[in-house]
Amino acid sequence: MEGHVDMGVLGENFDAGLIGRIRDDGYESRSGSDNFEGVSLSGEDDQDGGDDTPQRRKKYHRHTPNQIQELESFFKECPHPDEKQRLELSKRLGLETKQVKFWFQNRRTQMKTQLERHENLILRQENDKLRAENSMMKDAMSNPTCNSCGGPAIPGQISFEEHQLRIENARLKDELNRICALANKFLGRPLSPMALPPSNSALDLAIGRTNTNINANHNGIAGAPGGPSFPMGLDLGMMMGNNDQAQLERSMLIDLALSAMEEMIKMAQPETPLWIKSMDGGEKEILNLEEYARTFSPCIGPKPASYITEATRDTGVVIINSLSLVETLMDANRWTEMFPTMVARALTLDVISNGMGGTRNGALQVMDAEVQLLSPLVPVRQVRLLRLCKQHAEGFWAVVDVSIEIGRDLSNPHPFATCRRLPSGCIVQDMPNGYSKVTWVEHWQYDESVVHRLYRPVVSSGVGFGAYRWIATLQRQCEYLAIIMSSSIPNEDHSSLSLSQGGRRSMVKLAQRMSDSFYAGVCGSSGRRWDKLHVGSLGDDVKVMTKKNEDEPGEPPGIVLSAATSVWLPVSRRRLFDFLRNKRSEWDILSNGGSMLEVVHIAKGQENGNCVSLLRTDGVNGNGNESNMLILQDAWTDTWCSVVVYAPVDVESLNVVMSGGDSSYVALLPSGFAILPDAGPGSPRGGGGGGSLLTVGLQILVSSLPTGKLTVESVDTVNNLISCTLQRIKASISRINE
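Everything numeric in this text was worked out from a predicted model, so none of it was measured.

The next subject is the pattern of salt bridges. According to the stated counting rule, one finds 19 salt bridges in the structure shown. Taking the shortest distance from any N to any O, the salt bridge between aspartate 638 and arginine 476 comes out at 3.1 Å. In this pair, aspartate 638 sits in the loop between strand E18 (630-637) and strand E19 (642-649) while arginine 476 sits in helix H11 (residues 467-484), placing the two residues 162 residues apart along the sequence. Grouping residues by exposure puts aspartate 638 and arginine 476 together as buried. Across the pair aspartate 578 and arginine 574 runs a salt bridge, and its minimum N-O distance is 3.4 Å. Placement of both aspartate 578 and arginine 574 in helix H13 (residues 573-582) is noted, with a separation of four residues, approximately one turn of the helix.

Below, the structure written as structure tokens:
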């Protein structure tokens, strides 16, 4: 095993090509020619011709301190330079390429020798320990005593406790041998149980190199004093079970997780043949399926015949450090809160490992998740995930997901039969000032027939579930959290009402709950108790659901009806977002044609339009009476999606919230819009990508009594509301485009 690389010195530019050469058992040589035997310390080739004539004394070349410093600096980043890199180094340092090559060989040999010395030291310590134990056992056997009476024991007599201890010892030895056999598979070399380093916790399977202090002369080498350490182990203490079948399944999960981590990291590398540029000349990348099939063996079996592949990757900078982001991803509730428009529901089913040393390094868990697209025409993706988190260096983490089917009851229909998640996840690297650079990889296989034809181009291009959406959502949410967690939330000067800090926070929290309820009403997550209705008078493009609320905080009591549909409109996403946010009188039936005044404006980000607003109708209503109706509105937009959600609010309840009171008891019935681009040339009209996909969702209270009945008239009412709203929007859009 050769030396580690200092990942902490990568700086702002993520050299993922380097990550591809990191293996859990160290670096491996690029070719069989990089042997350590016969390496010349002088950098000169041996000139003997094979005869017995005396050889001329070699001339040793001593490198200058500047040359050594440059070589050491390059060695930290790339212990195995290729021929082109060696040539560049030789030109820059005034050395021959052979001298550069031999220097790197000698340096790797030195690192290997130091590691072997350390392993030998561990073996010697373990050997001394066994010798001492053996001596104590011999002394005890020479003078056996009875545990009950303290007198001399009869030779050959074994107490019941000792018999049980021997059985337990044999079981533990067998368990340890199985773990070592599993470790051998990933280390690539035989590992003796005697060579395992002592640990204060339960068994630590060193999938990579465990923390060691190696006497190295260069600062920054992994394991050297003052240098970064590589805690790559996976704590298996929680995996020990009495059930052999459960033990086998968990071993299979470990194998699957490690294979998925290796695959995801390779797919995240830039300048890899796994990705090719799209034919339209843009920046979009397409997975090279032939190269992928040659590079990886299937982690979870071959692709079903009816499935198609969707694969994307993207990179972005976010306002969050690596530790906070890793903690968010490994906590089901925080993961859902960070990606509210994408993760409908998440639940941790089993924690195989909590990590090592109080960190998430080596954390492994099984999760159920529902991933959604804000449209009733795209089913929620239900998956059972295995999630692994590993730290590859200080401030450098990787989190990977992969679908699992271990332990599934084959006699029942598989609930996740429409999709599966191949190795996907993110690589997070710390940057200055609390920022992180995130490289995201999304790889799905799914049944396209369950997706409405209107959304098939959006889903297959990755706009719906791809890496672009995850990165854009993460950037927007981190910016939003940075604002609401600051000492003050910006309040625009044009607002007629001035709120306290607590009042603004309560308003933002209320708006977030309103938007979450809207997302659930559009997509129908299983966690929100919505029951789907099949009404013959409605088309297939309209999704109607209902639920019954009984004394639940934040929910109006009674029968609630939700209806949603999606349409294509010949207008850009940004123009449609601005129209819906600023021109309510042209499409909102509740406004009765009157204009709306913004009395509260709370910014949620730098993007214009990302805000929480409190709106009041201006003037009189259709009956000539002054209207005091208030509407809470939550609006945001990012690179790939825009949302406008609104709900009428009770004035008395809202006064409590605006004064900083609890917002969880304010009942809301949200309605709103979600807008996606139409995926360019793949749009339904075959246009140039100038259109948008608009989702409209409405919720109404059918009956305030829990014993109330749902009637056909109620369904027709909500359907007419959607139809009328869409007609108004289309009419206004037509005037805009003229």
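With that settled, consider the nonpolar core. In terms of nonpolar packing, the biggest core is built from 81 residues, with Trp335, Phe339, Trp440, Tyr455 and Met507 touching the most fellow members. It is helix H12 (residues 501-523) that contributes the most residues to this core, nine residues altogether. Contacts of tryptophan 440, omitting those with residues within four sequence positions, involve Thr312, Arg313, Asp314, Leu329, Phe339, Gly425, Cys426, Ala467, Trp470, Ile471 and Leu474. Ala257, Ala268, Leu386 and Val402 belong to the second-largest nonpolar core, a separate cluster that totals 31 residues.

What follows is about the environment of isoleucine 729. Turning to its location among the elements, isoleucine 729 is positioned in helix H15 (residues 712-737). Between the alpha carbons of isoleucine 729 and leucine 576 there is a distance of 9.2 Å; along the sequence they are 153 residues apart. The residues contacting isoleucine 729, other than those within four sequence positions of it, are Leu569, Leu576, Phe579, Leu580, Trp587, Phe673 and Leu694.

Now for the packing of H12 against helix H14 (residues 651-658). At a closest axis distance of 7 Å, the pairing of H12 and H14 adopts a crossing angle of 125°. Taken as axis vectors, H12 and H14 run oblique relative to one another. Taking contact as the criterion, the partners of Gly503, Ser506, Met507 and Leu510 in H12 are, on H14, Leu654, Val657 and Met658. Of the residues in the contact of H12 with H14, the class split is five nonpolar, two polar and no charged.

Now for the sheet that holds strand E17 (residues 611-617). On the basis of which strands lie adjacent, the open sheet formed by nine strands has the order E13-E14-E15-E21-E20-E19-E18-E17-E16 and antiparallel pairing. Each edge of the open sheet is held by one strand with a lone partner, namely strand E13 (531-533) and strand E16 (596-603). This sheet shows a mean twist of 20° between the axes of neighbouring strands, independent of strand direction. In this structure, strand E14 (residues 542-549) lies alongside strand E15 (residues 558-569), joined through eight bridges in antiparallel fashion. Its bridge partner lying in E15, methionine 545 is registered against serine 562.

What follows is about helix H8 (residues 322-330). Structural remark: α-helix, 3.6 residues per turn; residues separated by three or four positions point the same way. For H8, the set of buried residues is Ser322, Leu325, Val326, Thr328, Leu329 and Met330. N-cap assignment for H8: the residue whose side-chain oxygen lies 3.2 Å from the backbone N of leucine 323 is asparagine 321.

Turning our eyes to something else, we now look at the packing of helix H2 (residues 65-77) against helix H3 (residues 83-93). In contact at an axis separation of 11 Å, H2 and H3 are set at 155° when each is read in the N-to-C sense. Comparing their axes, H3 and H2 come out roughly antiparallel. Relative to H3, H2 is oriented so that their crossing is right-handed. In contact with Gln67, Glu70, Leu71 and Phe74 of H2, H3 contributes Gln85, Leu89, Arg92 and Leu93.

This part covers the environment of methionine 367. Along the chain, methionine 367 turns up in strand E7 (residues 364-371). Measuring from C-alpha to C-alpha, the distance between methionine 367 and alanine 332 comes to 7.9 Å, with 35 residues separating the pair along the chain. Excluding residues within four positions of it along the chain, methionine 367 makes contact with Ala332, Trp335, Ala346, Leu347, Thr348, Leu349, Val383, Arg384, Leu385 and Arg387.

Take the confidence of the model for the protein chain next. Per-chain confidence: the protein chain averages 76 in pLDDT, with 71% of residues scoring 70 or above. Per-residue pLDDT, averaged within each element of the protein chain, yields its smallest value for strand E1 (residues 204-205) (34) and its largest for strand E11 (residues 424-430) (96). A low-confidence stretch, residues 1-54 (pLDDT under 50), is modelled with 118 contacts involving residues beyond four sequence positions or located in other chains. Low confidence marks residues 194-242, where pLDDT is under 50. Its contacts with residues over four positions away, or in another chain, come to 129 contacts.

For the rest of this paragraph, the subject is unusual backbone geometry. In this model, glutamate 271 sits at a positive phi of 55°, which is unusual for a non-glycine residue. Tracing the chain through its elements places glutamate 271 in the loop between helix H6 (244-267) and strand E3 (275-277). Although it is not a glycine, asparagine 433 sits at a positive phi angle of roughly 65°. Considering the arrangement of structural elements, one finds asparagine 433 in the loop between E11 and strand E12 (436-447). Taking relative accessible area as the criterion, asparagine 433 reaches 73% and is therefore assigned exposed.

The tally for this structure, following the rule as stated, stands at 14 aromatic pairs. Centre to centre, the rings of tryptophan 103 and phenylalanine 104 are 5.2 Å apart; their planes meet at 80°, and the pair counts as edge-to-face. For the pair tryptophan 103 and phenylalanine 104, a shared accessibility class is recorded, and that class is buried. Taken together, a centroid distance of 5.8 Å and an interplanar angle of 65° make the contact between phenylalanine 339 and tryptophan 440 edge-to-face. Placement of the pair is phenylalanine 339 in the loop between helix H9 (332-338) and strand E6 (343-353) and tryptophan 440 in strand E12, with a sequence separation of 101 residues. For the pair shown, phenylalanine 339 and tryptophan 440 are each scored as buried.

Counting buried positions over the 12 residues of strand E21 (residues 692-703) gives 10, a clear majority of the element. Summarising the sheet, E15 and E21 pair through 11 bridges and their orientation is antiparallel. The partner of serine 562 across the bridge, within E21, is glutamine 699. Pairing of strand E20 (residues 671-677) with E21 involves six bridges; the strand directions are antiparallel. Pairing of phenylalanine 673 across the sheet is with valine 696, part of E21.

What counts as what
- Residues numbered from 1 in each chain as written.
- Predicted model: local features only at pLDDT ≥ 70, side-chain atom pairs only at ≥ 80, totals over all residues.
- Heavy atoms only, no water.
- Salt bridge = Lys/Arg side-chain N within 4 Å of Asp/Glu carboxyl O.
- Helix = DSSP H or I, 4+ residues; strand = E, 2+ residues; numbered from the N terminus.
- Buried < 20%, exposed > 50% of the residue type's maximum accessible area, 1.4 Å probe, protein only.
- Core = buried A, V, L, I, M, F, W, Y, C linked by side-chain atoms within 4.5 Å.
- Contact = heavy atoms within 4.5 Å.
- Axes fitted to C-alpha atoms, helices over the stretch in contact; angles between N-to-C directions.
- Parallel < 35°, antiparallel > 145°, perpendicular 65-115°, else oblique.
- Nonpolar A, V, L, I, M, F, W, Y, C, P; charged D, E, K, R; others polar.
- Pairing = 2+ DSSP bridges.
- Polar contact = N/O pair within 3.5 Å; in protein donor to acceptor, adjacent residues only side chain to side chain.
- Left-handed = near helix turned anticlockwise from the far one by under 90°.
- pLDDT = per-residue confidence, 0-100.
- Phe/Tyr/Trp six-rings, centres within 6.5 Å; stacked < 30°, edge-to-face > 60°.

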